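Remarks on the overall topology
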Amino acid sequence: MTAKPTFYITTPIYYVNDIPHIGHAYTTLACDVLARFKRLDGFDVMFLTGTDEHGQKVEKSAAAKGKDPLKFCDEVSERFRELAKFMNISNDDFVRTTEQRHKLACQDLWRKLEASGNIYLDKYAGWYSVRDEAYYAETELTEGEGGEKLAPTGAPVEWVEEESYFFKLSAWEDALLKWYENMPETVLPKSRKNEVKSFVEGGLRDLSVSRTSFSWGVPVPDNEKHIMYVWIDALTNYMTGVGYPDVGNEKFKKFWPADINMVGKDIVRFHAVYWPAFLMAAGIEPPKRVFAHGWWTNEGQKISKSLGNVIDPFEIVEEFGLDQVRYFLMREVPFGNDGDFSQMAMINRINSDLANDLGNLAQRSLSMIFKNCDGKIPDVNGFTSEDEKILAAADNLLPQVRELMERQSINKAIEVIWKVVGDCNVYFAGQQPWTLKKTNPERMGTVLYVTAEVVRQIGILIRFIMPDSGHKLLDQINIDPDKRGFEHLGSTGRLVSGISLDKPVGVFPRYIKAEDK
Ligand code: MSP
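Residues numbered from 1 in each chain as written. Predicted model: local features only at pLDDT ≥ 70, side-chain atom pairs only at ≥ 80, totals over all residues. Heavy atoms only, no water.

Here the focus is the packing of aromatic side chains. Under the defined criterion, the tally for this structure stands at 29 aromatic pairs. Each ring, one from Phe167 and one from Phe278, has its centre 4.9 Å from the other, and the planes form 80°; the classification is edge-to-face. Highlighted residues: Phe167 in strand β9 (residues 158-167) and Phe278 in helix α10 (residues 268-281), separated in sequence by 111 residues. For Phe167, a relative accessible area of 0% corresponds to the buried category. The ring of Phe7 is capped by Lys38, whose NZ or CZ atom sits 5.3 Å from the centre of that ring. Taking NZ or CZ as reference, Arg269 lies 3.7 Å from the ring centre of Phe199, over its face. (Phe/Tyr/Trp six-rings, centres within 6.5 Å; stacked < 30°, edge-to-face > 60°. Helix = DSSP H or I, 4+ residues; strand = E, 2+ residues; numbered from the N terminus. Buried < 20%, exposed > 50% of the residue type's maximum accessible area, 1.4 Å probe, protein only. Lys NZ or Arg CZ within 6 Å of the ring centre and 35° of its normal.)

Bringing a positive patch on the surface into the picture now. Among the surface-exposed residues, Lys371, Lys437, Lys438 and Lys503 lie close enough to one another that they form a single positively charged patch. Looking at the element boundaries, Lys437 is found in helix α17 (residues 433-439). (Patch = residues over 30% accessible without salt bridge, like charges linked within 9 Å, V, L, I, M, F, W, Y side chains within 5 Å. Areas by Shrake-Rupley, 256 points an atom, 1.4 Å probe, with all protein chains shown as cover. Salt bridge = Lys/Arg side-chain N within 4 Å of Asp/Glu carboxyl O. Lys, Arg positive; Asp, Glu negative; His and termini not counted. Charge placed at Lys NZ, Arg CZ, Asp CG, Glu CD.)

Turning next to the site of the ligand. Residues in contact with the ligand amount to 22 residues; listed here are only the nearest, Ile13, Asp52, Gly264, Asp266 and Trp296. Measuring from an oxygen atom of the ligand, one finds a backbone N or O atom of Gly264 at 2.8 Å. Within the contact set of the ligand, an oxygen atom lies 2.5 Å away from a side-chain nitrogen or oxygen of Asp266. In the shell around the ligand, the residues fall into twelve nonpolar, eight polar and two charged. (Near = heavy atom within 4 Å. Polar contact = N/O pair within 3.5 Å; in protein donor to acceptor, adjacent residues only side chain to side chain. Nonpolar A, V, L, I, M, F, W, Y, C, P; charged D, E, K, R; others polar.)

The next point concerns the pattern of salt bridges. Oppositely charged side chains are able to pair whenever their charged atoms sit close together. With the rule as written, the count across this model stands at 37 salt bridges. Two residues, Asp259 and Lys288, come together in a salt bridge whose shortest N-O distance is 3.1 Å. Of this pair, Asp259 sits in the loop between α9 (250-255) and β15 (260-264) while Lys288 is found in the loop between α10 and β16 (290-293), placing the two residues 29 residues apart along the sequence. What makes Lys288 partly exposed here is its relative accessible area of 39%. Taking the shortest distance from any N to any O, the salt bridge between Glu415 and Arg331 comes out at 3.7 Å. Of this pair, Glu415 sits in helix α16 (residues 410-431) while Arg331 sits in helix α12 (residues 322-331), and the two are 84 residues apart along the sequence. For Glu415, a relative accessible area of 35% gives the class partly exposed. A relative accessible area of 13% places Arg331 in the buried class. Here the residues in one salt-bridge network are Arg331, Glu332, Arg349, Asp353 and Glu415, joined through shared partners.

Inspection of every chain in the model, using the stated rule, returns zero disulfides. Unpaired in this structure, Cys106 has its nearest cysteine sulfur neighbour in Cys73, at a distance of 14 Å. For Cys106, a relative accessible area of 0% corresponds to the buried category. The structure places no disulfide on Cys424, whose sulfur is separated from the nearest cysteine sulfur, that of Cys373, by 15 Å. What makes Cys424 buried here is its relative accessible area of 0%. (Disulfide = S-S within 2.5 Å.)

Pairing within the open sheet is antiparallel, and its four strands lie in the order β6-β5-β9-β11. Since the sheet does not close on itself, it has two edges, and those belong to β6 (134-136) and β11 (207-208), each with one partner. (Pairing = 2+ DSSP bridges.)

Among the secondary structure elements, His293 is positioned in strand β16. Since its relative accessible area comes to 4%, His293 is described here as buried. Side-chain polar atoms of His293 contact the side chain of Thr27, separated by 2.9 Å.

Before going further, it helps to examine the side chain of Thr240. Relative to the assigned elements, Thr240 resides in helix α8 (residues 237-240). Polar contacts involving the side chain of Thr240 include one to the side chain of His102, which spans 2.8 Å.

So, about helix α3 (residues 69-86). Between its terminal C-alpha atoms α3 stretches 26 Å, which fits the 26 Å expected from 18 residues at 1.5 Å a residue. Those residues of α3 lying buried are Phe72, Cys73, Val76, Ser77, Phe80, Leu83 and Ala84. Seen along its axis, α3 keeps its buried residues to an arc of 120°; they face one direction. Structurally, α3 contributes buried residues whose contacts are with β2 (14-15), α1 (22-40), β3 (44-52), α2 (56-64), β4 (93-96) and α11 (313-320). Of the residues trailing α3, Asn88 is marked for its positive phi of about 60°. (Expected span 1.5 Å × (residues − 1). Arc of directions from axis to C-beta. Contact = heavy atoms within 4.5 Å.)

Those residues of α2 that sit buried are Gln56, Lys57, Val58, Ser61 and Ala62. Along its buried surface, α2 packs onto β2, β3, α3, β5 (119-129), β9 and β12 (210-211).

Laid out in structure tokens, this is it:
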């Protein structure tokens, strides 16, 4: 048996200074959808997520709550695990940066950087933002209303002066530019690639990579007065998850380098400049792709704790349903662009795309089979050109969806699936099986067969977006649980006539506001 192709995808690891919100849920969900797609498509997948637990920001948050930092991290990290479970996320591992395996990975990477002459000891004097955990040049700063200095992100900065190790980032300018050039799709979307490319072209300064003024982090090997800069520590998690520093282990050999490091647009510089530079300097292959997605606003407003409009993913899932939220977040916005979360848009998607378009198509056709065909998938004696057209549309979906998913165009992939759902509704309405019931029952059977076959294929195809609902649809037509993979799409997996159905139950209920119930 030939080995399956592999696919390694990672989420950013989440700071534990904050409880999970919609932004975290979104990044993780997108990775889940990509990971599930690849698994269904026959890949051996490694999907990693986790929490980023070191650094001044976390140390300060724990202190503000009067808690021991590790105890504080345990609690918040657990909340991120719960979110993953709650949202039916299929991650294969969960890295916490406070774990011993991660400390070993960071220290090994550090040693490699030091041994290759990429790290030196000096003194840092400059601006630092704890909120962003980032260093800024004087020229990048702006002035706030009270005259205070602010980072380009609006975060406050403080003057830091201390002994520090530096990473020779400036030495990696050419290598990075070559990497962007030789691997044109290594940073996506293109606009993000242009952004990092011009940042590098503008000249890189060496990066301060250790701190001495606080202690919540991974100690620098052989100089424990220093702890590593939280981003070196955090980025290394992508290696910890596949067993680094043991590069001879099966996982590392199989999955490194990552196929996709998924990030939000705010942290693209860390991933598409610093990270590949660290890796190249250590003689390790950089990721194949860094994909930066956009940000969500809430009813048109920037989401922020101070505005009190943070969207709690647990709450919206309770309100609208898990698969409904998964569908909305992936369908509403071209992946890579910013998007706006609004109740109205969510309700529209639920009632129109899910309840009306797909839900009704399945419910109407399967109920007719249940009532009029003895509860069995009808026999077919030949197809008309209209039947063949809609069957071909369903049969041809996978290659189109696959091509879009290769570029992480998740919302377009959903659109092409829903185009066939729409076409099948048109087919069903045009064939009028309810009229054929009296005039030509055999033809009615064929129309119902064709519609149920399209529903079967859609049920399989939507499993990467809405895993539970996909299964529920397939349960309605009694599809064997091992016949639900992508290899059963198309004409080879056609519905078998004579299979008995149970009484169909709707899979996608309409959303009705509590006060209108
Ligand atoms: N700990 C770092 C990442 C280290 S990865 C080696 C970090 N953590 S974070 O918790 O602040 O953010 C994690 C992710 O959430 C980022 O990708 C960020 O873009 C995303 N989001 C935070 N708010 C968001 C929205 N409002 N909308 C969409 N995603 C957003 O950064």
